[in-house]
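Summary of structural features
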Amino acid sequence: MSITSDSPTANRYLVGNYAPVEKEVTATDLPVIGELPKELNGRYLRNGPNPIAPVDPATHHWFIGDGMVHGIRLRDGRAEWYRNRYVGSTQVSQARGCPDIPGRNWNNTPSGPNTNVGTFAGTTWAMVEAGGVPVELTEELETVGRNDFYGTLPGAFTAHPKVDPVTGEMHAMVYAWAEWMDHIQYVRVGKDGRVNRTVDIPLPGMSMVHDMSITDRYVVVYDQPVLVDLDLAFASRFPFRWNDEYGNRIGLMPREGTAADIVWIDVPVGYVFHPMNAYDTPDGKVVLDVCFYDLMMRDDLQGPFGDSTPRLTRWEVDPTRRSVSVTTIDDAFSEFPRHRGSLTGKPYRYGYCANADASSMHWPTIKHDLVTGERQVFDHGPGRAAGEPVFVARPGSTVEDDGWLVTFVHDGNDDSAEFAVIDAQDFGRGYVARVKLPQRVPFGFHGNWCPDRK
């Protein structure tokens, strides 16, 4: 590996805790500080970029590093294991001098999923946007192979599907920039892990459609001004750049509708990687809570944090008038938003963010009461940076915030990492439990709590 955590480079996404780790580690019977809730039986998994081969710091983009999943397994109050494993891909296989992983690679992409990981339909999936097929992993995070939902996925998938808590179906808005330059596709996956509906949606440009939302009535398209740039593509760089002329809009497609049924509404010009949640109101409006950037990838062509910082914003959209009202919920740096999964697409009260300010290594965890406006801060301490706060409901609980937040915390004071459990109802309690990990966990993207199957 040519880049380490202390290598001099002009690329912020290759130094400090953005730098890759070199080893795949397995550690068992990890020491616990505090007491792990015995109800937490399962795995916390998180995916992120970790280049396996040397990269050019001048042109490397954070989003294209090889995927690596970090995971911790809990059972009956014990931390049974920590593992980190590369997600298999053509590129990883070549670097290791071994045959390609099995499974249909519909667009012959060399890279693998590096953005999200979770369980659905009894399977562990690593996921990425822009055309890549999900990769199936074992319980122990070894690669099984590409899995196109058992042969039912026609092409691309996404890193950000949404699971409807009522139907159990998974919804996705997907793009494949080199193959589909004039449309994206809505994909719905049944509880059996097989695709049961697709809708092609024409777009005027090939937008970087990173995420989507669902409500009871709609699936939501984010058509934003970060577009394919052929000059970057031909230079073998990350092929997306800000476009001043494109505008910004959302599309509301009825759940069983077609592209012709979409209601398009202009929203403030900017970019959203991650919505927190969305829902319908009784008077026919749609509420979208999003982490909103004024600019994205105009000047910083190596990652997301150089042009502007995100703030938590509420868009209340009127589909009849095709208008939107805007409210800033939090001006502070707000990213990696989460909420209670059983309320996906439904009215909700509490949301959680990482205050992941790239200019510092002090990243607290934020809880928002979206009814009262109260903002609570869990401070992890000087030099300590917490990632995406994943909410895990207490089994059988009916109170929305009755549960825990779980995340990885990087300690810049000694370049180490911990798995942390926080009481979502009582930040003042301090950590419920911490598990020291055997190596640092580089800053990455998304993960999920994967409970044991009953």
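Analysis parameters
- Counting of residues starts from 1 at the beginning of each chain's written sequence and follows it residue by residue.
- Only residues with pLDDT of at least 70 are given local features in this predicted model, and only at 80 or more are side-chain atom pairs given and counted; all residues enter the totals for whole chains, interfaces and linings.
- Hydrogen atoms and water are omitted, and side-chain values are computed over all heavy atoms in the structure.
- Helix and strand assignments follow DSSP, with helices taken as H or I runs no shorter than four residues and strands as E runs no shorter than two, numbered in order from the N terminus.
- The globule rule used for comparison is 2.2 Å times the number of residues to the exponent 0.38, while the radius of gyration itself is calculated over C-alpha atoms.
- The cut-offs for exposure are 20% and 50% of the maximum accessible area for each residue type, with area from a 1.4 Å probe on protein chains only; residues under the lower value are buried, those over the upper are exposed, and the others partly exposed.
- Working rule for contacts: check all heavy atoms of both residues, and any pair within 4.5 Å makes them a contact.
- Detection works on a 1 Å grid of protein atoms alone, calling trapped sets that fit a 1.4 Å probe cavities and calling open sets with protein on both sides within 12 Å along at least five of seven lines pockets, with lining residues defined by an atom within 4 Å of a point.
- Grid points are joined across faces, edges and corners, and a volume is the space filled by probe spheres set on the points.
- Classes in brief: Ala, Val, Leu, Ile, Met, Phe, Trp, Tyr, Cys and Pro nonpolar; Asp, Glu, Lys and Arg charged; the others, Gly included, polar.
- Here, strands pair whenever DSSP counts at least two bridges between them.
- Lines fitted to the C-alpha atoms define the axes, with helices restricted to the stretch that makes contact. Angles between their N-to-C directions range from 0 to 180 degrees.
- The criterion is simple. A nonpolar core is a set of buried Ala, Val, Leu, Ile, Met, Phe, Trp, Tyr and Cys residues joined through side-chain atoms within 4.5 Å.
- On a range of 0 to 100, pLDDT expresses the predictor's confidence in each residue.
- Here the aromatic set is Phe, Tyr and Trp, taking the six-membered ring for Trp, and pairing holds for ring centres within 6.5 Å; pairs whose planes are under 30 degrees apart are stacked, those over 60 apart are edge-to-face, and all others are tilted.

1. Comments concerning the overall build of the chain
The number of helices and strands found in the chain is two helices and 33 strands. In terms of overall dimensions, the chain is globule-like: its C-alpha atoms have a radius of gyration of 21 Å, near the 22 Å expected for 454 residues. Taken along its principal axes, the extent of the C-alpha atoms in the chain is 55 × 50 × 45 Å. Per-residue burial over the chain gives 62% buried out of 454 residues. Within the chain, counting contacts between residues at least 6 apart in sequence, those at least 24 apart form 58% of the total.

2. As for empty space enclosed by the protein
In total, this model carries five cavities of 30 Å³ or more according to the counting rule given. Taken together, 19 residues line the largest cavity, and the ones lying closest to its centre are R46, G387, E388, F443 and G444. Of all the secondary structure elements, the ones that give two or more residues to the lining of the largest cavity are β3 (42-49) and β30 (403-411). Looking at the lining of the largest cavity element by element, the count peaks at four residues for β30. Among the residues forming the lining of the largest cavity, the class breakdown is 12 nonpolar, five polar and two charged. Of the voids in this model, the second largest cavity is the one considered here, and its volume is about 60 Å³. Taken together, G88, S89, I101, T109, S111, G112, P113, V128, G132, V133, V135 and R146 make up the lining of the second largest cavity. Considered class by class, the residues forming the lining of the second largest cavity number five nonpolar, six polar and one charged.

3. Here's the deal with the pairing of strand β26 (residues 365-369)
Regular strands have side chains that alternate between both faces of the sheet. In terms of burial, β26 is largely enclosed, as five of its five residues are buried. Neither face of β26 is left uncovered, since the one carrying T365, K367 and D369 and the one carrying I366 and H368 both have all their residues buried. In this structure, strand β25 (residues 350-354) lies alongside β26, joined through five bridges in antiparallel fashion. Opposite Y352, over in β26, you have K367 as the bridge partner. Linking β26 to strand β27 (residues 375-378), which pair antiparallel, is a turn of five residues; within it G373 sits at a positive phi near 85 degrees.

4. Observations concerning the sheet that holds strand β33 (residues 447-451)
The five strands are arranged β1-β5-β4-β3-β33 in an open sheet whose pairing can be described as antiparallel. Looking at strand neighbours, the two that pair on one side only are β1 (26-30) and β33, the edges of this open sheet. On average, each strand axis in the sheet is tilted by 15 degrees relative to the strand beside it, whichever way the strands run. Strand direction decides the pairing type here: β3 and β33, joined by five bridges, are antiparallel. Following the sheet pairing, Y44 is matched in β33 by W449.

5. Regarding the nonpolar core
With 44 residues, the main nonpolar core has M173, I184, I201 and M208 as its most contacted residues. Ranked by the residues each element gives to this core, the list is headed by strand β16 (residues 226-228), at three residues. Setting aside chain neighbours within four positions, we find I201 in contact with M173, D182, H183, I184, Y186, V221, M253, A259, I262 and W264. Membership of the second largest hydrophobic core comes to 24 residues, among which are L74, A79, V390 and V421.

6. Notes on the sheet that holds β27
With antiparallel pairing, the four strands of this open sheet are ordered in space as β24-β25-β26-β27. Two strands bound the open sheet, and with one partner strand each, they are β24 (335-338) and β27. Within the sheet, the average angular offset between the axes of one strand and its neighbour, ignoring direction, is 20 degrees. The pairing of β24 with β25 spans two bridges and is antiparallel. Bridge pairing links E335 to A354 in β25.

7. Brief notes about unusual backbone geometry
A negative phi angle is the norm for most residues apart from glycine, just as the trans form is the norm for most peptide bonds. At Y150, a residue that is not glycine, the phi angle is positive and equals roughly 60 degrees. For Y150, the position within the fold is in the loop between β9 (143-146) and β10 (162-163). Residue Y150 is classed as partly exposed on the basis of its relative accessible area of 38%. Within the chain, D415 stands out as a residue other than glycine whose phi angle is a positive 60 degrees. Locating D415 in the fold gives a position in the loop between β30 and β31 (416-423).

8. Some thoughts on the pairing of β27
As judged from the four bridges shared by β26 and β27, these two strands associate in the antiparallel manner. If you follow K367 over to β27, its bridge partner there is Q376.

9. Regarding the confidence of the model for the chain
On average, residues of the chain carry a pLDDT of 95, and 98% of them reach 70 or more. In this model residues 1-8 is a low-confidence stretch, pLDDT under 50, and it forms 22 contacts with partners more than four residues away in sequence or in other chains.

10. Some remarks on the packing of aromatic side chains
Summed over all chains, the structure comprises 29 aromatic pairs. Relative to F305, the ring of W62 lies with its centre 6.0 Å away and its plane at 50 degrees, an arrangement referred to as tilted. Of the two residues, W62 sits in the loop between β3 and β4 (67-75) while F305 sits in the loop between β21 (286-293) and β22 (311-318), which places them 243 residues apart along the sequence. Each member of the pair, W62 as well as F305, carries the same accessibility label: buried. When the ring of Y279 is compared with that of Y348, the centres are 6.1 Å apart and the planes differ by 80 degrees; the resulting orientation is edge-to-face. Here Y279 is found in strand β20 (residues 271-280), whereas its partner Y348 is found in the loop between β24 and β25, with 69 residues between them in sequence.

11. Notes on the layout of surface pockets
Here the second largest pocket defines a volume of roughly 830 Å³. Every residue lining the second largest pocket is counted, 38 residues in all, and those nearest its centre are F63, I64, S111, A130 and F238. For the lining of the second largest pocket, the elements supplying multiple residues, two or more each, are β20 and β24. Looking at the lining of the second largest pocket residue by residue, the class counts come to 20 nonpolar, 14 polar and four charged.

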